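Notes for the structure review
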Amino acid sequence: MDLLLSLNEKQKDAVTTKEGPLLILAGPGSGKTKTLTHRIAYLISAGVSPGNILAVTFTNKAANEMREKIIRLISQDYGEFKTPINSYPDTGTFHSVCARIIRNEAPALGISRDFIIYDDADQLSVIKKAMSELEIDIKQLSPQKVRSAISGAKDKLVTPDLYKAQESSYPAAEIAKVYELYEEKLSLNGGLDFGDLILKTVLLFENNPSILKKYQKKYRYILVDEYQDTNTAQYSLINLLARESENLCVVGDDAQAIYSWRNADFTNILNFKKDWPNAKVVTLEQNYRSTKNIVKAASELIKNNSRGYPKDLWTSKEEGEPVYIKEVYDSYSEAEFILRKINKLASQKKYKLGDFVVLYRTNAQSRAIEEMFLRSGTPYKIVGGVKFYQRREIKDMIAWLRLAVNENDEASRERLKNIPLALLKARLFTTAPTKSAAIEILRGELALKLRENLKLREFMEYAAHKTNFEQILKDGTEQGDERWENILELFSVAEDYSSLDLKTGLLKFLEDISLMQEADQISNRSDLVHLMTLHMAKGLEFPVVFIAGCEEGILPHINSMFSQDDLEEERRLFYVGLTRAKDAVYCLTARQRMIWGAMANNPPSSFLYEIPADYKEVQLLEPDDEESDEEEGEETDYLLDDDDVIQL
């Protein structure tokens with residue numbers, strides 16, 4: 001059959017298994033999307049109506065790519081399709097599929113078919129109104145934390161009544177009250193939030209057997225991509241739809257489950273055989289992306305996790321280069337090494353800039369790397385986030401600093417008016433009836449402080465304290481903590497201006513920031529280096545990968561140190577980083593690093609030790625080095641045999 005010619009034996013097995021539950025365990029670079037789309041084309045060639053097929057994934061981009069590939073496949077003249085194709089399978093994200101179902105069945109839910117979908121900002125607005133009516137102080141319980149709790153509840157199929165019954169302690173009891181009123185207001189406004197789309201579809205099916213039966217009959221063949229990333233609500237939805245036909249095919253990799261903080265539950269994929277005892281399991285183990293050394297290094301690393309399906313990953317590609325582990329002095333040496341290595345490889349015409357990616361655990365780590373790229377004029381692009389100096393919290397902090405030296409800076413005044421008055425005046429000892437009044441009082445106090453004999457960092461810390469900035473940002477969510485970490489990273493930058501008097505240092509600092517922002521426009525060029533978090537890199541591939549900050553406390557993150565499950569997820573995250581690479585991986589570890597406002601001397605990541613010596617090459621600094629030992633155009637390598645350096 002021509003449709004199967006480009007597939008390997010395992011892929012063919014997965015594609016041609018027409019009936020019954022099927023788990024496709026797809027290792028990195030094993031062609032899972034190709035297998036999924038060919039399976040759909042095969043089902044159609046075997047006589048299944050396209051309208052009876054549902055394919056679900058997590059992102060619109062992935063859904064659109066899947067749809068396009070399916071259309072191309074079934075539009076080609078393979079001579080295998082029994083009838084002319086005049087319709088296509090239903091493909092989409094969980095949310096888009098559920099939105100279509102809800103619109104069709106809205107009367108059964110007692111809602112209008114013209115419902116609107118509330119985004120994060122809309123949700124916050126409704127939550128704030130509900131909290132105000134309930135007289136809940138937003139300074140004691142942040143609306144963002146409430147929104148996060150409500151979203152998490154919906155992902156777990158917990159309705160307001162269930163939430164109230166389960167939670168009785170503070171602040172959960174208060175959140176339960178807000179949740180109940182929030183739902184009432186959404187209903188009155190004719191709105192649903194993202195969590196509702198799946199939750200209400202599950203409730204629709206559970207409470208209306210005839211409607212469930214209709215969709216079970218319609219979707220006789222269901223395919224789910226990235227199954228390891230499903231949450232409780234998504235899991236329940238799929239199981240309800242597939243229970244009648246049992247023709248459920250899920251594709252995923254337990255070793256790439258890295259989204260528990262989004263309420264994903266990777267035990268869904270681990271328990272697939274328990275849920276579906278007659279399920280067939282096909283493991284795609286041939287890697288088409290990476291060299292042998294990278295595949296072996298990643299495979300040995302992930303074996304240290306206690307839970308997961310065994311896989312024997314392999315590749316027919318060349319041995320390739322070892323995984324490089326490079327010790328540097330600090331974050332600037334790290335950025336310098338990355339830039340120099342990129343320039344060297346690019347100058348040899350072996351790669352273009354778009355072939356490189358720099359990965360890091362937290363967004364705050366991008367700052368030193370961005371600065372190095374900006375100063376050198378190397379074009380770059382941050383994927384999945386805004387640039388460090390363009391982030392909202394950074395621009396807000398800079399607005400206060402600008403007002404301190406220039407009282408006529410109206411642009412900064414207007415920006416700061418977006419902050420609620422209650423938060424602006426929290427640390428004032430005088431009356432401030434308006435935002436403008438509060439901003440002016442604070443500006444005057446910062447201007448007075450500017451006359452004192454302080455270091456720039458001390459002044460910035462005072463400004464953050466006086467303007468209540470930490471409390472404004474730290475709203476009880478992980479995102480709020482990360483925004484504050486970015487401010488601490490900004491304080492780290494101020495250390496570079498400590499030799500200057502305060503006002504001179506502040507003016508120079510603000511000038512440097514402005515120049516960086518102007519130069520940053522170069523990132524719109526197509527040939528550029530990509531910078532992103534490890535979480536954002538999932539599903540992508542690059543010839544050369546740099547993983548910055550491979551140190552204890554960063555990767556693995558300090559928050560994971562006290563939980564075996566969390567530590568194993570961090571290991572999976574590092575595994576994802578390694579397996580993005582086609583040709584080469586550079587893992588950077590710094591002897592010291594200014595991170596989140598404090599100097600850290602963390603040891604190399606424990607994950608680096610788990611890569612066998614046969615698959616890595618380690619380059620360490622000499623024990624007595626105080627600065628980076630590398631000059632332009634030369635590198636000194638210190639290998640692991642030395643007894644007086646850390647053994648990796």
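Residues numbered from 1 in each chain as written. Predicted model: local features only at pLDDT ≥ 70, side-chain atom pairs only at ≥ 80, totals over all residues. Heavy atoms only, no water.

**Side note on the confidence of the model for the protein**
- Counting all residues, the mean pLDDT for the protein is 88, and 91% of those residues have values of 70 or more.
- Throughout residues 517–525 the model reports pLDDT below 50, and contacts reaching past four residues in sequence, or to other chains, amount to 15 contacts.
- Under a pLDDT of 50 for its full length, residues 627–647 has, in the predicted model, 40 contacts with residues more than four places off or in other chains. (pLDDT = per-residue confidence, 0-100. Contact = heavy atoms within 4.5 Å.)

**Description of the environment of Asn 247**
- Here Asn 247 lies in the loop between helix H12 (232–242) and strand S7 (248–252).
- According to the relative accessible area criterion, Asn 247 is buried, its value standing at 5%.
- Along the primary structure Asn 247 and Lys 395 are separated by 148 residues, whereas in three dimensions their C-alpha atoms are 52 Å apart.
- A polar atom in the side chain of Asn 247 sits 3.3 Å from the side chain of Glu 19. (Helix = DSSP H or I, 4+ residues; strand = E, 2+ residues; numbered from the N terminus. Buried < 20%, exposed > 50% of the residue type's maximum accessible area, 1.4 Å probe, protein only. Polar contact = N/O pair within 3.5 Å; in protein donor to acceptor, adjacent residues only side chain to side chain.)

**Digging into the sheet that holds strand S1 (residues 22–26)**
- The strand order across the open sheet formed by 6 strands is S3-S2-S6-S7-S1-S8, and the pairing between neighbours is parallel. Both outer strands of the open sheet, strand S3 (90–93) and strand S8 (280–284), are each paired with one neighbouring strand and no more. On average, adjacent strands in this sheet sit at an angle of 15° to one another, irrespective of strand direction.
- With 4 bridges connecting them, S1 and S7 associate as parallel partners. Looking across to S7, one finds that Leu 22 is bridged to Cys 249.
- Across the sheet, helix H1 (residues 9–16) is in contact with S1 and S8; its angle to S8 comes to roughly 145°.
- Of the strands in this sheet, strand S2 (53–57), strand S6 (221–224) and S7 touch H12, which is tilted by about 160° from S6. (Pairing = 2+ DSSP bridges. Axes fitted to C-alpha atoms, helices over the stretch in contact; angles between N-to-C directions.)

**A short note on the pattern of salt bridges**
- Scanning all chains against the criterion turns up 43 salt bridges.
- A salt bridge links Arg 591 to Glu 327; the shortest N-O distance between them is 3.1 Å. Of the two residues, Arg 591 is situated in the loop between strand S14 (581–590) and strand S15 (593–595) and Glu 327 in strand S9 (residues 323–328); the sequence distance between them amounts to 264 residues.
- Residue classification places Arg 591 among the partly exposed positions, given a relative accessible area of 21%.
- Notably, a salt bridge pairs Lys 466 with Glu 445, separated by 3.0 Å at the nearest N-O pair. Taken together, the residues span a long stretch of sequence, with Lys 466 in helix H22 (residues 456–466) and Glu 445 in helix H21 (residues 435–449) at a distance of 21 residues.
- Look at Glu 445 and you get partly exposed, because its relative accessible area is 25%.
- Within this structure, Lys 32, Asp 225, Glu 226, Asp 229 and Lys 538 form a network of salt bridges that share partners. (Salt bridge = Lys/Arg side-chain N within 4 Å of Asp/Glu carboxyl O.)

**Here we look at the sheet that holds S9**
- Spatially, the 7 strands line up as an open sheet ordered S11-S12-S10-S13-S14-S9-S17, and their pairing is parallel. Each of the sheet's edge strands pairs with one partner strand only, and the pair in question is strand S11 (380–382) and strand S17 (616–619). Across the sheet, the axes of successive neighbouring strands diverge by a mean angle of 20°, strand direction being ignored.
- The pairing of strand S10 (residues 356–360) with strand S13 (residues 542–547) spans 4 bridges and is parallel.

**Focus on helix H16 (residues 331–347)**
- Taking 1.5 Å per residue, 17 residues should reach 24 Å; H16 reaches 24 Å between its end C-alpha atoms and fits that length.
- All of the buried residues in H16 are Ser 331, Ser 333, Glu 334, Ala 335, Phe 337, Ile 338, Leu 339, Arg 340, Lys 341, Ile 342 and Leu 345.
- After H16 finishes, the residue Lys 349 shows a positive phi value of roughly 65°. (Expected span 1.5 Å × (residues − 1).)

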